[in-house]
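Observations on the three-dimensional arrangement
Below are the chains, spelled out letter by letter.
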Amino acid sequence: MKTSMNDEDFMKVAIEKAREGVKNGQTPFGACIVKNSEIISSACNSVWKYGDVTAHAEINAIRDACKKLNTIDLSECVIYSTCEPCPMCFSACYWARISKIVYGARIEDAKEFGFNEMLISNEKMKLLGNSNIKIKSNFMRNECIELFNLFSQRDNSRTY
């Protein structure tokens with residue numbers, strides 16, 4: 001008998017995508033988009049791979065989900081992100097009408113590891129934008145912070 005997947009299973013997919021990205025020379029961010037308990041897309045950050053500063057994991061996952069579902073309306077979808085979405089990614093979630101964001105590490109955690117982050121929380125953007133998007137924060141945070149440690153162990157001279 002097949003058991004249905006839950007938040008932890010979906011976040012593990014995002015974490016694995018982030019690990020995959022680190023192994024391929026990218027930064028430690030992953031995302032997974034789910035609709036009706038089914039994975040629609042998952043992606044890692046590919047900024048360095050494509051030389052595209054907008055190629056964050058969340059954006060990549062949103063692009064793929066829109067393509068697969070043949071719509072820009074992801075209103076019944078949940079995005080699982082290993083780190084709190086940056087303002088660009090939160091805005092993309094908003095414009096795609098994603099219903100819920102579940103994230104692990106905080107923007108402050110990424111900043112502490114040297115990432116060039118704007119310290120504007122999702123809760124603040126939700127409030128300022130009068131958004132009804134649901135937010136579940138700090139989910140599996142320790143496992144997600146471990147991705148930054150993995151990334152830090154790499155010999156890397158690029159700026160991020």
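Everything below is about the structure shown above.
Residues numbered from 1 in each chain as written. Predicted model: local features only at pLDDT ≥ 70, side-chain atom pairs only at ≥ 80, totals over all residues. Heavy atoms only, no water.

1. Considering the side chain of asparagine 122
- On the secondary structure map, asparagine 122 appears in helix α6 (residues 122-128).
- The buried category is assigned to asparagine 122, whose relative accessible area is 0%.
- Within the local environment of asparagine 122, its side chain forms a polar contact with the backbone oxygen of proline 85, the two atoms lying 2.8 Å apart.
- For asparagine 122, the residues in contact, after removing those within four places along its chain, are Glu84, Pro85, Phe90, Ile101, Tyr103 and Ile135. (Helix = DSSP H or I, 4+ residues; strand = E, 2+ residues; numbered from the N terminus. Buried < 20%, exposed > 50% of the residue type's maximum accessible area, 1.4 Å probe, protein only. Polar contact = N/O pair within 3.5 Å; in protein donor to acceptor, adjacent residues only side chain to side chain. Contact = heavy atoms within 4.5 Å.)

2. Let's talk about the sheet that holds strand β1 (residues 30-35)
- Pairing is mixed across the open sheet formed by five strands, whose spatial order is β2-β1-β3-β4-β5. The open sheet has two edge strands with one neighbour each: β2 (38-44) and β5 (134-136). In this sheet, adjacent strand axes meet at a mean angle of 15° when their direction is disregarded.
- Bridging between strand β3 (residues 77-83) and strand β4 (residues 100-105) involves five bridges; their strand directions are parallel. Paired with valine 78 across the two strands is lysine 100, which belongs to β4.
- Of the strands in this sheet, β1, β2 and β3 are in contact with helix α3 (residues 57-69), which crosses β2 at around 140°. (Pairing = 2+ DSSP bridges. Axes fitted to C-alpha atoms, helices over the stretch in contact; angles between N-to-C directions.)

3. Some details on the pairing of β1
- With respect to burial, β1 is a largely interior element, five of its six residues being buried.
- Two elements, β1 and β2, share six bridges in a ladder whose sense is antiparallel. The residue of β2 that forms the bridge with glycine 30 is cysteine 44.

4. Here's the deal with the side chain of glutamine 26
- Note on placement: glutamine 26 falls in the loop between α1 (7-23) and β1.
- At a separation of 3.1 Å, a polar atom in the side chain of glutamine 26 contacts the main-chain amide nitrogen of tryptophan 48.
- Excluding residues within four positions of it along the chain, glutamine 26 makes contact with Gly21, Asn45, Ser46, Val47, Trp48, Lys49, Phe151 and Arg154.

5. Considering the packing of aromatic side chains
- Evaluated as defined, the whole model comprises eight aromatic pairs.
- An angle of 75° between the planes, with centres 5.7 Å apart, marks the rings of phenylalanine 29 and phenylalanine 148 as edge-to-face. Pair noted here: phenylalanine 29 is in the loop between α1 and β1 and phenylalanine 148 is in helix α7 (residues 141-152), with a separation of 119 residues, a long-range link.
- The buried category is assigned to phenylalanine 148, whose relative accessible area is 1%.
- With centroids separated by 6.4 Å and ring planes inclined at 40°, the aromatic side chains of tryptophan 48 and phenylalanine 151 adopt a geometry described as tilted. Of this pair, tryptophan 48 sits in helix α2 (residues 47-50) while phenylalanine 151 sits in helix α7, and the two are 103 residues apart along the sequence.
- Owing to a relative accessible area of 2%, phenylalanine 151 belongs among the buried residues under this scheme.
- Members of the aromatic cluster, connected to one another through ring pairs, are Phe29, Trp48, Phe113, Phe115, Phe148 and Phe151. (Phe/Tyr/Trp six-rings, centres within 6.5 Å; stacked < 30°, edge-to-face > 60°.)

6. Looking at the state of the cysteines
- Applying the stated criterion across every chain, the model contains zero disulfides.
- Among the cysteines around cysteine 83, which has no disulfide bond, cysteine 144 carries the closest sulfur, lying 8.2 Å off.
- Judged by relative accessible area, which is 1%, cysteine 144 ranks as buried. (Disulfide = S-S within 2.5 Å.)

7. Looking at the packing of α1 against α7
- In the contact formed by α1 and α7, the axes pass within 10 Å of each other and the chain directions differ by 5°. Comparing the axis directions of α1 and α7 gives the class roughly parallel. The residues of α7 that touch α1, namely those facing Met11, Ile15, Ala18, Arg19 and Val22, are Glu143, Cys144, Leu147, Leu150 and Phe151.
- Looking at side-chain class alone, the contact of α1 with α7 contains eight nonpolar, no polar and two charged residues. (Parallel < 35°, antiparallel > 145°, perpendicular 65-115°, else oblique. Nonpolar A, V, L, I, M, F, W, Y, C, P; charged D, E, K, R; others polar.)

Purely spatial values, then, with no claim about function.
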